[in-house]
Amino acid sequence: MNGLSTVINLLAYVTALVFVVGFLNKVILYFKTPNPLLIPTTPAPTTTMGVVARMIPEVLFFRSLLKGGTAEKVLWVGGWIFHVTFLLIVLRHLRFFTYPVPGIIMAFQGLGILAGLLFPIALLILIVRRFTNDRMAVITLFQDYFVLILIIAIGLTGLLLKYYVRTNLVDVKAFILGLLTFSPAQLPDSPIFLIHFGLVLVLLAYFPFSKLMHAWGILVSPTRAQADNPREARHVAPWAQ
Amino acid sequence: MADIKAPELTGEIITPKVTPGASKGIMPFKAKPELMEKVNFPAEKPSNWKELFLKKMEEILKKYRSVRVFLDECVRCGACTDKCHYFLSTGDPRNMPVHRQELMRSVYRKYFTTGGKLLGNLAGARELSDELLEEWLTYFYQCSECRRCSVFCPYGIDTAEITMAAREILDATGIGSKYNLEIINKAETIGNNLGMPGPALRNTLDFVEEEIEEKTGVPVKLPLDVEGADILLVTPSADFFAEPHVLSLEGYAKVFHQAGVNWTISSHASEGGNFGMFIGNYDHMKTINKRIWDAARDLKVKRVIAGECGHAWRVLYSFSNTLNGPFDFLDSQYRQPSHICEYTLDLIKKGAIKLDKAANDEFSVTFHDSCNVARASRMGETPGDQMTIPREIINACCNKFVDMADDTIGERTFCCGGGGGVLTDEMIDIRVKGAMPRMQALKRVKDSHDVNFFALICAICKAQFTKIFPIYGIEMEEVGGVHQLISNSIQLGAKEGV
Amino acid sequence: MATLDVEGKSYEVDEEGYLMDWQEWTEGVAGAMAKEDGLDLSAEHWNVIKFLRSYFEKYQIAPMIKILTKELAKEYGKEKGNTKYLYELYPAGPAKQACRYAGLPKPTGCV
Ligand code: HEM
Ligand code: SF4
Ligand code: SF4
Ligand code: SF4
């Protein structure tokens, strides 16, 4: 194994640790922070089952976003395609992480390719709306462009690897499986792959400290996750006794 | 004040161009040191104010999951940007909910996140400064805590929670709103927001009794501090003072009279409203709310009923079980407070009160969903009944009712522009503007259905619209309460009982 | 602290010109406030002011508007015993403007 491989292998482990610990840390922090009062945005379900039923379309279809006007509909299209394709791509990548590859992942491969193509288009919509609308221009921060560009770059290097500078997939798989089995292997000999992989590490390391935590936040957001049941049960947080 | 101009009424709500600083300079009067101390806040901003500020902020981050999660999870998608009535009417970018939150989020980054500490400006982090305080005082008091933004946010981020936390931090730093704190002090020491002592209250109730008897010939009573009454009514003290508020008070009294129940008002808890909520202060909210439960216990009532008031109902319905529950001393059928609308509709359905719709024939009525009722509480059994119950009442006592446009009612209702502790004269400019979306929606039904009665269930809404209507060129007499319509149409005497 | 100067005496007032101490009030105070607003105080104006003060002395609070309009009706007949007429007298709002002239604190709350 060459020097670069060693460094990248090490970096991968450090990043994975940062991601997992950082993510769990936030999850625990949110759980430890109480909700002193019942503040669901009403009309809200009055039971836990009802909350689950409210949450599913929120997570799967960004339901609240659909309540908005034209700008939100455009955002919905871009955002929803982005998230779904992102998910499909992640699933498609599982073929590098598994051996033998389960049939269900193989079944995704075709969809995964379509996703790979729609993905940059969706991201383009998301990025363009940030500077073409005067309200978006005001609220957009550096880090908002940063994640979008980071993810676009990941997507584009991915497409490059697939269509132009084909890499030896056997090497890739060996490298990833090496990481997973703690028997580090040689980095595939491809600068594009190195960039693609490196950017993914950046994304993972950045995730827990950024707005990307909305992926977890939505599930514990009290206005959506609380049941509207003050008549049925007394709700008291420890500090507010 | 006379030179305040209202936006033109066209019936359209158009998203404005962003105009930085458009509503700069509109902010509440600061409370004087004596007042600050009376309500347990530092008298003045001390030289070490930054310490106090950050200490309070840290405490809130530990105590409120809402604030912590909301600060972390916003993706700046922009869905909320044109949903706030204050932005729609001023174009000031700080009145876009996400940008209002940004005033706190930027401080959060600077002092509570690694990225912000390291990258500073680049990461959108901002240091504490007098200028920032000024912006906080301005824009966290140009929010009526109406929660409209939270309906459209994909994560339900509720700017009202951020606003409340911000006001709590400002108070802890020695910067308070005179209007809000004066009211809190009066509610805690005298028992109501007006500062109306018991004898004045009795005198007022006597007067209302006379009025009803003069108008109807029926001796309807408004009992005060009656021990052993079945029902304790808690209503905003504005009902004892202002118009059209008092006309709804007459309505409640007639309903109780006709139902033949023993009811009472309490001089100890002669206020339904709770401004502790507006400033995000748990202790004040609890103290003010406790007066109600002390009164309910002392008077040994079986049931507590809330009069027409938006935020009062939020506190009573959503919070009071948490703050001062459990209420096991109440009748087991009525463990929780009810809303007067729930009570009245129930009587109507049972046939216990008779209504003469023709009595309201001069009115073409529309109904304004008060945001605290629509988006922060419930009535009845099913979610959403808080919208249908008042409408059912109106339809039971009026022949002509029409709703305003769908995207301006129900959970998407537009605030009156004066809620959340903004209802004070120095804020009149933003109050007039903030009412704009609601006024446009009203304009449309005025044009199409000749609406001339704007029915409300919130004391703040009533006061706000009475003030704002004439500025928009509409008669203030068109503002009224739902129970005012009941009062007009209820058939007294000819009692059938419950 | 802002002050209002009347006939050589200065009175403490708040940001909106309400007297800090209602007991310091004199007729001159009301006159000066009205003059600032460009209002001529008629007998009807004074009647409102006097009624407000006597009510406040008894109850430590201004009366409900309806009580005031009823009082006016007693005095001047039905045409003048209504809110509209009160607003004609005190265009900035009877509860607030008249209370200010009468030296009473501003009514607070959801009014
Ligand atoms: C691994 C998980 C996720 C990642 C990496 C991710 C990434 C992102 C990114 C980068 C944006 C910003 C787009 C922009 O700047 O315009 C975004 C926005 C958004 N995300 Fe996610 N997200 C994840 C999971 C979720 C989940 C579980 C939900 C379900 C509610 C969700 C809902 C949204 C919504 C509604 C938006 C706003 C629309 C948009 O800007 O596209 N995301 N997400
Ligand atoms: S809608 Fe929610 S996530 Fe989007 S910008 Fe507003 S607060 Fe942030
Ligand atoms: S809570 Fe209401 S007033 Fe405040 S930002 Fe949201 S929409 Fe605007
Ligand atoms: S005053 Fe009325 S409309 Fe305005 S915030 Fe309150 S309940 Fe809503």
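Attention in this report is confined to the structure presented alongside it. Remember, it's a predicted structure, so these values are computed and weren't measured experimentally.

## A closer look at the interface of chain C and chain B
Reasoning step 1: Every contact between the two is made by 27 residues of chain C and, on the other side, 44 residues of chain B.
Reasoning step 2: One can count 10 salt bridges joining chain C with chain B.
Reasoning step 3: Here Glu477(B) makes a salt bridge to Lys84(C), at a shortest N to O gap of 4.0 Å.
Reasoning step 4: At the junction of chain C and chain B, the tally comes to 16 residue pairs in polar contact (both at pLDDT 80 or more).
Reasoning step 5: Sorting the residues of the side of chain C that touches chain B by element identifies helix H2 (43–59), helix H3 (65–76), helix H4 (83–89) and helix H5 (94–101) of chain C as the ones contributing at least two each.
Reasoning step 6: The leading source of residues in the side of chain C that touches chain B is H3(C), at 4 residues.
Reasoning step 7: For the side of chain C that touches chain B, the class distribution of residues is 15 nonpolar, 4 polar and 8 charged.

## Some remarks on the interface of chain B and chain A
Reasoning step 1: The interface is formed by 75 residues belonging to chain B together with 58 residues belonging to chain A.
Reasoning step 2: Together, the buried faces of chain B and chain A total about 5,400 Å²; carbon and sulfur atoms form 56% of this surface.
Reasoning step 3: Looking only at chain B, the three residues that lose the most surface to chain A are Arg65(B), Arg76(B) and Thr322(B), adding up to 15% of its buried area.
Reasoning step 4: One can count 8 salt bridges joining chain B with chain A.
Reasoning step 5: Counting the contacts that link chain B with chain A gives 42 residue pairs in polar contact (both at pLDDT 80 or more).
Reasoning step 6: Looking at the side of chain B that touches chain A, the element that brings in the most residues is helix H15 (residues 310–324) of chain B, giving 8 residues.
Reasoning step 7: In the side of chain B that touches chain A, the residues fall into 34 nonpolar, 19 polar and 22 charged.

## What to know about the site of ligand 1
Reasoning step 1: The environment of ligand 1 is formed by 21 residues, the closest being Gly79(A), His83(A), Arg130(A), His214(A) and Tyr155(B).
Reasoning step 2: Flanking ligand 1 are residues from chains A and B.
Reasoning step 3: In the environment of ligand 1, an oxygen atom lies 3.0 Å from a nitrogen or oxygen atom belonging to the side chain of Arg130(A).
Reasoning step 4: In the model, a nitrogen atom of ligand 1 is placed 3.2 Å from a nitrogen or oxygen of the Tyr155(B) side chain.
Reasoning step 5: For the shell around ligand 1, the element with the most residues is helix H3 (residues 70–93) of chain A, which contributes 5 residues.
Reasoning step 6: Grouping the amino acids of the shell around ligand 1 by side-chain chemistry returns 15 nonpolar, 3 polar and 3 charged.

## Some details on the coordination of the iron atom of ligand 1
All names here are of chain A.
Reasoning step 1: All of the protein donors around the iron atom of ligand 1 are His83 (NE2) and His214 (NE2); their distances to the metal are 1.9 to 2.1 Å.
Reasoning step 2: Its 6 donor atoms give the iron atom of ligand 1 angles of 87 to 179° at the centre, a pattern that matches the octahedral case. Of this pair, His83 sits in helix H3 while His214 sits in helix H9 (residues 214–220); the two residues are 131 residues apart in sequence, bridging distant segments of the chain.
Reasoning step 3: Since its relative accessible area comes to 34%, His83 is described here as partly exposed.

## Side note on the pairing of strand E1 (residues 2–6) of chain C
Looking along a regular strand, one sees side chains alternate from face to face of the sheet.
Residue and element names in this part refer to chain C.
Reasoning step 1: The pairing of E1 with strand E2 (residues 9–13) spans 5 bridges and is classified as antiparallel. Residue Thr3 lies in a different strand from E2, and its bridge partner there is Glu12.
Reasoning step 2: The loop that links E1 with its antiparallel partner E2 comprises 2 residues; one of these, Glu7, has a positive phi angle of about 45°.

## Some words on the packing of aromatic side chains
By convention here, two paired aromatic rings are described through the distance between centres and the angle between planes.
Reasoning step 1: Per the counting criterion, the structure on display carries 37 aromatic pairs over all chains.
Reasoning step 2: Ring geometry for Phe61(A) versus Trp80(A): centroids 6.2 Å apart, planes at 20°, classification stacked. Taken as a pair, Phe61(A) in helix H2 (residues 48–61) and Trp80(A) in helix H3 lie far apart in primary sequence, 19 residues in all.
Reasoning step 3: Here Phe256(B) and Tyr343(B) contribute two aromatic rings whose centre-to-centre distance is 5.4 Å and whose plane-to-plane angle is 50°, an arrangement assigned as tilted. Highlighted residues: Phe256(B) in helix H12 (residues 245–259) and Tyr343(B) in helix H16 (residues 340–350), separated in sequence by 87 residues. Summarising the burial analysis for this pair, Phe256(B) and Tyr343(B) share the class buried.
Reasoning step 4: An aromatic cluster of three or more residues is present, and its members are Trp49(B), Phe53(B), Trp136(B) and Phe140(B).

## Concerning the site of ligand 2
Reasoning step 1: Around ligand 2 lies a shell of 13 residues, among which Cys74(B), Cys77(B), Gly78(B), Cys80(B) and Cys153(B) are the nearest.
Reasoning step 2: Tallied by class, residues from the shell around ligand 2 come to 10 nonpolar, 2 polar and 1 charged.

## Here we look at unusual backbone geometry
Reasoning step 1: The step from Tyr99(A) to Pro100(A) runs through a cis peptide bond, and the omega angle for that step is -5°.
Reasoning step 2: Tracing the backbone shows Pro100(A) in the loop between H3 and helix H4 (103–132).
Reasoning step 3: Residue Pro326(B) is reached from Gly325(B) by a cis peptide bond, and omega for that bond is -10°.
Reasoning step 4: If you trace the backbone, Pro326(B) turns up in the loop between H15 and strand E4 (338–339).

## Brief notes about the side chain of Arg303(B)
Residues and elements named next belong to chain B.
Reasoning step 1: Tracing the backbone through its elements, the reader meets Arg303 in strand E3 (residues 303–306).
Reasoning step 2: At 3.0 Å, the side chain of Arg303 forms a polar contact with the side chain of Ser338.
Reasoning step 3: Those residues in contact with Arg303, other than ones at most four positions away along the chain, are Asp230, Ile231, Leu232, Leu330, Tyr334, Ser338 and Tyr343.

Criteria and cut-off values
Residues numbered from 1 in each chain as written. Chains lettered and ligands numbered in written order. Predicted model: local features only at pLDDT ≥ 70, side-chain atom pairs only at ≥ 80, totals over all residues. Heavy atoms only, no water. Contact = heavy atoms within 4.5 Å. Salt bridge = Lys/Arg side-chain N within 4 Å of Asp/Glu carboxyl O. Polar contact = N/O pair within 3.5 Å; in protein donor to acceptor, adjacent residues only side chain to side chain. Helix = DSSP H or I, 4+ residues; strand = E, 2+ residues; numbered from the N terminus. Nonpolar A, V, L, I, M, F, W, Y, C, P; charged D, E, K, R; others polar. Buried area = accessible area lost by both parts, 1.4 Å probe. Near = heavy atom within 4 Å. Donors = N, O, S within 2.8 Å, 3.2 Å for Na, K, Ca; no water. Tetrahedral: all angles 85-135°; square planar, octahedral: opposite > 155°, others 65-115°. Buried < 20%, exposed > 50% of the residue type's maximum accessible area, 1.4 Å probe, protein only. Pairing = 2+ DSSP bridges. Phe/Tyr/Trp six-rings, centres within 6.5 Å; stacked < 30°, edge-to-face > 60°.

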